[in-house]
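Structure assessment
In case you want the letters, here they are:
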Amino acid sequence: MAKAHNMPDHHSINSLITALFVAALPHFVYQPFWVGLMFVVMMGWRLLHSYRAWPLPAHHRGLKLFHNGLAVAMILVLFSQFSLTIGLEAGAALLTIMLAFKLVELQSLRDYYLSCFLGFFLIITNFFYSQRIFMVLPMLVAVILLTSCLLSINSPSSVQSFRQRLSLASRMVIQSIPVMLLLFVLFPRIPGPLWGVPDDANQTASTGISDSLTLGQFSQLSLSDEIAFRVAFAEDRIPSSANLYWRGPVLWNTDGQTWSPAGNGQLKRFEPQLATQGEAIDYTMTLEPHDEQWLFALDMPTARPEGFLNYLTTDGRLLSGKPIKQRKQYQLVSYTGYRFNPDTDPNVEQALKLPEGFHPQTLELANQWQQETVNSSEYINRVLQHFNREAFSYSLSPPALTGDGVDQFLFETREGFCEHYAVSFTVLMRAAGIPARVVTGYLGGEVNPVDNVLVVRQRDAHAWVEIWLKEQGWVRIDPTSAVSSERIETGMTNLLPAERRSPLFISNSDALLKLWYQMRYQWDAFNTAWDIWVVAFGPEKQIELLSMLGMKDPDWKKMAAVLAFLLALTGIVMLLLSYARRPHPDKAVHLYQQFCSKLARTGINRQTHEGAYDFSKRAQRFLPEYKTQIAAITEIYNELRYNQADNSLLTKLESEIKQFRPKR
């Protein structure tokens, strides 16, 4: 063991600085810039003390006041930025700053141990921001480095080099993996996180879809490659891209600029009618957190998912009882062919309202077309033909609209994304007395050929329209198809410029592009497995896995019993392996050690550098009355160790040592 009252040497402290820097590195990205800056300044101060003998706060009263004052100032800055909010970001920032200040005033082994253990907590806080494999690997390195630091103060550098300590720490971490896996698989899971914090607990949740829509909003999402959700279809029966409408919020109300869902009490409650056509589609959704209540589903789901609180609204929205703050997996059955409320819907009047004083040119155009057509079907076709035959274009970066967005789009810019066409089409329908509403969600997705999982990204965000017709119910019409059929039939990926689909330097090489896509698909498949079986490994997934492994009706009692048994078994196996690897001395060495122990009880201890003959001579000088016995035992031992001898000599050595009872 290291000396209890000594200060760690500068090699151990420098190793700790390296380990803590690796552990804190992700915080430089996620935390305010001043957190990372102050961490680097404090680390630099300590390094300058090691290499340039700069004074520390403990060496100078003025520096101590400066150090403490700066720490207080950082806490005040922390409060000014986060107020009194107790949350993940504020807590992680406080831990990072205080750990840096603690390292500057480190003066004892106690301080060193404390800094190491706080470093392990710092590693944990990084997973509040991301649980991707890119975060796991550097944090694994940080764990090994911190373990090496603990070894350094329990094994001086004169005994073990840095490389030896690093190797030993790596082996220790690797040997802990079986126990880690047992705990991961069998430790009973509870729904939700083990901690609860307000406000910023959902700070990692994000989505491209919101519960309101303004013109130009969705076009911004075409720049995002963030994953919205993944879908695994039963028996790999994936519908065509044109049928992959992922239903989300339904927007009824508009103030002329923004569209939003119906408010509380606006929609009359009734039992919706759904007549399905074609084959049922079974699939499993893995939804990324977005801090809203809606659950996306293939249009149209026929039943609610099981295992958590959720409900299906009268306008076909699937909602969770709580906001989605963590990755959620659920199973659904949908039909792409259906009739929704074909006989009646008491809320159709809500789908006819338009704000006064808005869209005068659009209303005038609708009135003109209504006079030129004889029925609703002809009017609808007239609108779609207008989009198709006139100089309208589909653009990922449409021009910004000012004033009345619908009028400006239809009569001036004529360049838009999906929401431009959906909103304009809805206004034209309502102006003609045809109930219409905007539906937002996603369209299409990209199938990974490695695992046949459909990946839907934020750039796949889409808006379309539902109109209500007698005896047909709510009918989906996508006006974007009149302008860009490629968006509907092949998806968003093919519409992206080459530099968005792959790195620019390989976009002109077919061979490199093929290799790029293969590598990307493999990586995406790995990430999918990681997200489902590691990050999203909750109670439902745990029960599913244990059932697959043969455990009947898994519950916490069975898990705890099996876990205790396997941990005990693992401990026994490790002890047996450790015992088997331990060097076992031969019988002569074992007997000679007994002889040395008897001499040690009289105060004569054998030195590590001392051979048997030299030790014998020294012992004879201190115990002259036992000179003959000591010489005889040593001679027999040397004969057994260095010459060929039979078992009778070993028996004689054992007898001599047994009779040897020195006293002093």
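Rules and cut-offs
Residues numbered from 1 in each chain as written. Predicted model: local features only at pLDDT ≥ 70, side-chain atom pairs only at ≥ 80, totals over all residues. Heavy atoms only, no water. Helix = DSSP H or I, 4+ residues; strand = E, 2+ residues; numbered from the N terminus. Rg over C-alpha atoms; globule rule 2.2 N^0.38 Å. Buried < 20%, exposed > 50% of the residue type's maximum accessible area, 1.4 Å probe, protein only. Contact = heavy atoms within 4.5 Å. Lys, Arg positive; Asp, Glu negative; His and termini not counted. Charge placed at Lys NZ, Arg CZ, Asp CG, Glu CD. Core = buried A, V, L, I, M, F, W, Y, C linked by side-chain atoms within 4.5 Å. Expected span 1.5 Å × (residues − 1). Pairing = 2+ DSSP bridges. Salt bridge = Lys/Arg side-chain N within 4 Å of Asp/Glu carboxyl O. Domains from an automatic or database assignment. Polar contact = N/O pair within 3.5 Å; in protein donor to acceptor, adjacent residues only side chain to side chain. Axes fitted to C-alpha atoms, helices over the stretch in contact; angles between N-to-C directions. Arc of directions from axis to C-beta. Phe/Tyr/Trp six-rings, centres within 6.5 Å; stacked < 30°, edge-to-face > 60°. Patch = residues over 30% accessible without salt bridge, like charges linked within 9 Å, V, L, I, M, F, W, Y side chains within 5 Å. Areas by Shrake-Rupley, 256 points an atom, 1.4 Å probe, with all protein chains shown as cover.

A word on the overall build of the protein chain. Of the regular secondary structure elements, the protein chain holds 23 helices and 19 strands. On C-alpha atoms alone, the protein chain measures out to a radius of gyration of 37 Å, which is more than a quarter above the 26 Å that the 2.2 N^0.38 rule sets for 664 residues. Principal-axis analysis of the C-alpha atoms gives the protein chain an extent of 130 × 65 × 55 Å. Within the protein chain, buried positions represent 45% of all 664 residues. Across the protein chain, every contact between residues at least 6 apart in sequence was considered, and the portion connecting residues at least 24 apart equals 72%. One way to put it: in the protein chain the 59 positive side-chain charges average out to a point 18 Å from where the 59 negative ones average out.

Attention now goes to the nonpolar core. As a rule of thumb, soluble globular proteins bury nonpolar side chains together. Among the nonpolar cores identified, the biggest contains 64 residues, and Phe-229, Trp-246, Tyr-283 and Ile-467 are the most heavily contacted of them. Broken down by element, the residue count for this core peaks at eight residues, all from helix H14 (residues 418-431). With 44 residues, the next largest nonpolar core counts Met-38, Leu-56, Ile-97 and Leu-150 among its residues.

This brings us to helix H20 (residues 587-600). Taking 1.5 Å of rise per residue, 14 residues should cover 20 Å, and H20 covers 20 Å from first to last C-alpha, within 8% of that figure. Next to the buried residues of H20 lie helix H21 (612-622), helix H22 (627-642) and helix H23 (647-659).

Now for the pairing of strand E17 (residues 453-457). Counting buried positions along E17 yields five of five residues, so the element is predominantly enclosed. By the alternation rule, side chains of E17 split into Val-453, Val-455 and Arg-457 and Leu-454 and Val-456, which are all buried. Connecting strand E16 (residues 446-448) to the next strand, E17, in antiparallel fashion are four residues, including Asn-452 with a positive phi near 60 degrees.

Our focus in this paragraph is the pattern of salt bridges. What the rule picks out here adds up to 22 salt bridges. Taking the shortest distance from any N to any O, the salt bridge between Glu-466 and Arg-247 comes out at 2.5 Å. Remark: Arg-247 occurs in strand E3 (residues 245-251) and Glu-466 occurs in strand E18 (residues 461-469); sequence separation between them is 219 residues. Across this residue pair, the class does not change: Glu-466 and Arg-247 are buried. Where salt bridges share partners, they join Arg-132, Arg-230, Glu-288, Arg-327 and Asp-531 into one cluster.

Interface size is often expressed as the accessible area that is lost when the parts come together. Examined at the domain level, the protein chain breaks down into domain 1 (10-175), domain 2 (213-496), domain 3 (501-535) and domain 4 (587-659). On a C-alpha basis, the centroid separation for the pair domain 1 and domain 2 is 50 Å.

Let us now look at the sheet that holds strand E5 (residues 258-260). What holds strands together in a sheet is hydrogen bonding between their backbones, with the strands either parallel or antiparallel. One open sheet accounts for three strands, arranged E1-E5-E4; its pairing is antiparallel. Edge positions in the open sheet fall to strand E1 (213-214) and strand E4 (253-254), since each of these has one partner strand only. For E1 and E5, the ladder comprises two bridges, and the chain directions are antiparallel. Considered in E5, the bridge of Leu-213 is made with Trp-259.

Looking now at the side chain of Ser-130. Within the secondary structure, Ser-130 sits in the loop between helix H6 (109-126) and helix H7 (133-152). We classify Ser-130 as buried; its relative accessible area is 14%. A polar side-chain atom of Ser-130 sits 3.3 Å from the main-chain amide nitrogen of Arg-132.

Glancing now at the sheet that holds E16. The strand order E11-E7-E2-E17-E16 describes an open sheet built from five strands, whose pairing is antiparallel. With partners counted over all chains shown, the strands left at the sheet margins are strand E11 (328-334) and E16, one partner each. When the angles between neighbouring strand axes are averaged without regard to direction, this sheet yields 30 degrees. The sheet contact formed by strand E7 (residues 281-287) and E11 spans seven bridges and is antiparallel. In the sheet register, Ile-281 faces E11, and the bridge partner there is Ser-334. Helix H17 (residues 510-535) contacts strand E2 (227-233), E7, E11, E16 and E17 of the sheet and is inclined by roughly 85 degrees relative to E16.

Okay, helix H18 (residues 539-548) next. Turn by turn, an α-helix covers 3.6 residues, leaving residues three or four places apart pointing in a common direction. Looking only at H18, the buried set comprises Pro-539, Lys-541, Gln-542, Leu-545 and Leu-546. Looking straight down H18, one finds that the buried residues subtend no more than 160 degrees of arc, so they occupy a single side. Phi for Gly-550, located one or two positions after H18, is positive at around 110 degrees.

This part covers the packing of aromatic side chains. Per the counting criterion, the structure on display carries 30 aromatic pairs. The interplanar angle of 65 degrees and the centroid separation of 6.3 Å between the aromatic rings of Phe-392 and Tyr-421 together place this pair among those described as edge-to-face. Placement of the pair is Phe-392 in the loop between helix H12 (376-389) and strand E13 (393-394) and Tyr-421 in helix H14, with a sequence separation of 29 residues. Neither Phe-392 nor Tyr-421 differs from the other in exposure class; each is buried. Seen from their ring centres, Tyr-626 and Phe-660 are 5.9 Å apart, and the 90 degrees between their planes marks the pair as edge-to-face. With Tyr-626 in the loop between H21 and H22 and Phe-660 in the segment after H23, this residue pair connects regions lying 34 residues apart in the sequence. Given the relative accessible area of 15%, Tyr-626 is considered buried. Look at Phe-660 and you get buried, because its relative accessible area is 0%. Among the aromatic residues, those joined into a ring-pair cluster are Phe-229, Phe-233, Trp-246, Tyr-283, Phe-296 and Tyr-442.

On to a nonpolar patch on the surface, then. Taken together, the side chains of Ile-174, Ile-177, Met-180 and Leu-181 make up a nonpolar region of the molecular surface, amounting to roughly 370 Å² of accessible area. Of all the elements, helix H9 (residues 177-186) adds the most residues to the nonpolar patch, at three residues. Examined against the element boundaries, Ile-174 turns out to sit in helix H8 (residues 162-175). Ile-174 sits in the exposed class, given a relative accessible area of 54%.

Before going further, it helps to spend a moment on the pairing of strand E15 (residues 436-443). Of all eight residues making up E15, eight are buried, and the element is well covered by its neighbours. When E3 meets E15, the two strands line up antiparallel, connected through five bridges. Along E15, the bridge assignment pairs Leu-251 with Val-438. The sheet contact formed by E15 and E18 spans seven bridges and is antiparallel. The residue of E18 that forms the bridge with Tyr-442 is Ala-461.

All right, on to the environment of Asp-282 then. With respect to the secondary-structure elements, Asp-282 resides in strand E7. The partly exposed category is assigned to Asp-282, whose relative accessible area is 39%. Sequence spacing of Asp-282 and Ile-380 is 98 residues, and the spatial spacing of their C-alpha atoms is 33 Å. Asp-282 has contacts with Phe-233, Ala-234, Leu-332 and Val-333, leaving out every residue within four places of it along the chain.

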